[in-house]
Amino acid sequence: MLHTDGRRRRPQRLVSIIGLIMVVLLLAACASSAGLAPGAPAKLPAGVTDQGRSVTGAAAQPGAQSTAPDAQAAATERHVIKTGEVTLQVPNVASALGRVRALALELGGYVGGSQAGTLEESATLTLRVPAAHFDDALSKLHAFDGKVIVEATREEDVTGSIVDLTARIENLQASETQYRSLLARAQKIEDILSVQTRLDQVRGEIEQLKGQLQSVGDQADMATLTVTLTPRAQPVQAATAAWDPGAIASQALASLLEVGQGLASGAIWFVIVWLPILLVLAFVVLLMLRGLLELRRRMPRAELAAEEPPAG
């Protein structure tokens, strides 16, 4: 009887195993048709972080759709800050100044700053033009009626900085959402104050990073080109400008006055300082000479008196 029951149960177990396998295959087929392939990551709720990255933006909004091509295009887009300096020697600075201003407007930009002098002095303009037209601006400047004597350009790739700032802003925004949720559920005063303080800090960091992102983005979108216009000097005009008879006459007269002032100063010093000293020295010398003469005049008489014999 026992052997008979064992033989009867083996077909039943086999049928159960086959049925279980069929159920698993059926579930796998249903999952494949629903777009859930084996090993595919499950979608995270909005605001929940996954390995330091928060699900925000269009993916976190109901009904929003995100496509892989758009994400790849955003990831491969490069942001480059372009700057340059050009020094242009022109025959007429005023005329070239107007043409440079018109060039900035023609390319969709504007003049960020200018420092202009007279017709004979140099002028400097700072142009902000779209980065896509930066090379066009350089080409049009070369076509001006003048000579480019200095040209320097620089490019700085800031794609990594923009991506980093964007990710930090998204993470802080996710933290802000969580802090707001905690603030709505807080009951104690100290909890409310603590969460509110942290929320204000996060909000401040978000605004600061947004400002940095806006600044970097503006620099990448609008290139900066500094244009210096210098007048072209003519040989005859340069020689005429270098010779100034009036200035030379003024210098000669100044030299004459300096010589006269020197002589007058010497005379004043002689009268006040040296003349009294010389008079004193002359008086001393005169006294010494008079003493010597008196001494010589008395010496013969003394000798004669010594040579005469005594009387008697």
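Everything below is about the structure shown above.
Residues take numbers from 1 onward in each chain, read along the sequence in its written order. Two thresholds apply to this predicted model, a pLDDT of at least 70 for residue-level local features and 80 or more for giving and counting side-chain atom pairs, whereas whole-chain, interface and lining totals are computed over all residues. Think of the side-chain values as coming from all heavy atoms in the structure, minus any hydrogens and water.

1. Details of the packing of helix α3 (residues 93–106) against helix α4 (residues 134–142)
Formally: Working convention: axes come from line fits to C-alpha atoms, limited for helices to the stretch in contact. Angles between N-to-C directions cover 0 to 180 degrees. Helix and strand definitions follow DSSP, with helices as H or I runs of at least four residues and strands as E runs of at least two, each counted in order from the N terminus. Geometric relationships in this document are graded by angle, where less than 35 degrees denotes roughly parallel, more than 145 denotes roughly antiparallel, 65 to 115 denotes roughly perpendicular, and other angles denote oblique. Here is the rule for handedness: rotate from the far helix to the near one, and if that takes an anticlockwise turn smaller than a right angle the crossing is left-handed, while a clockwise turn gives right-handed. The contact criterion used is simple: two residues touch if any of their non-hydrogen atoms lie within 4.5 Å.
The contact between α3 and α4 brings their axes to 11 Å, and the two run at 155°. Judged by the inter-axis angle, α3 sits roughly antiparallel to α4. As α3 runs across α4, the sense of the crossing is right-handed. Residue-level contacts link Val100, Leu103 and Glu106 of α3 to Ala137, Lys140 and Leu141 of α4.

2. Digging into α4
Inclusion rule: Each residue is assigned to one of three classes by its accessible area relative to the maximum for its type, calculated with a 1.4 Å probe on protein chains only: buried under 20%, partly exposed between the two thresholds, exposed over 50%. The reported arc concerns the directions from the helix axis to the C-beta atoms and nothing else.
Taken together, the buried positions of α4 are Phe134, Ala137, Leu138 and Leu141. The arc that holds the buried residues of α4, viewed along the axis, is 100°, so those residues lie on one side. Buried residues along α4 sit against β3 (80–90), α3, β5 (123–130), β6 (147–157) and β7 (222–231).

3. Thoughts on the packing of aromatic side chains
Note the following rule: Any Phe, Tyr or Trp ring, taking Trp's six-membered ring, that has another such ring centre within 6.5 Å forms a pair; planes under 30 degrees apart are called stacked, those over 60 apart edge-to-face, and the others tilted. Note on criteria: charge over ring means Lys NZ or Arg CZ within 6 Å of the ring centre, with the direction from the centre no more than 35 degrees off the ring normal.
Under the definition given, this model contains 0 aromatic pairs. Taking NZ or CZ as reference, Arg99 lies 4.1 Å from the ring centre of Phe144, over its face.

4. Here's the deal with the packing of helix α5 (residues 159–185) against helix α6 (residues 189–221)
Threshold: As a working rule, the residues Ala, Val, Leu, Ile, Met, Phe, Trp, Tyr, Cys and Pro are called nonpolar, Asp, Glu, Lys and Arg charged, and the rest polar, with Gly in that last group.
Packing of α5 against α6 leaves a shortest axis separation of 9 Å and a crossing angle of 160°. Comparing the axis directions of α5 and α6 gives the class roughly antiparallel. Between α5 and α6 lies a crossing of left-handed hand. Here the contact of α5 with α6 is built from residues that sort into 15 nonpolar, 4 polar and 7 charged.

5. A few points about the sheet that holds β6
The criterion, for reference: DSSP calls a pair of strands paired once it identifies at least 2 bridges connecting them.
What the 5 strands build is an open sheet, ordered β4-β5-β7-β3-β6; its pairing is mixed. Either end of the sheet is taken by a strand with one partner, and the two such strands are β4 (110–116) and β6. Taken pair by pair, the neighbouring strands of this sheet meet at an average axis angle of 10°, ignoring direction. Relative to β7, β3 runs parallel, the two sharing 8 bridges. Opposite Glu85, over in β7, you have Thr226 as the bridge partner.

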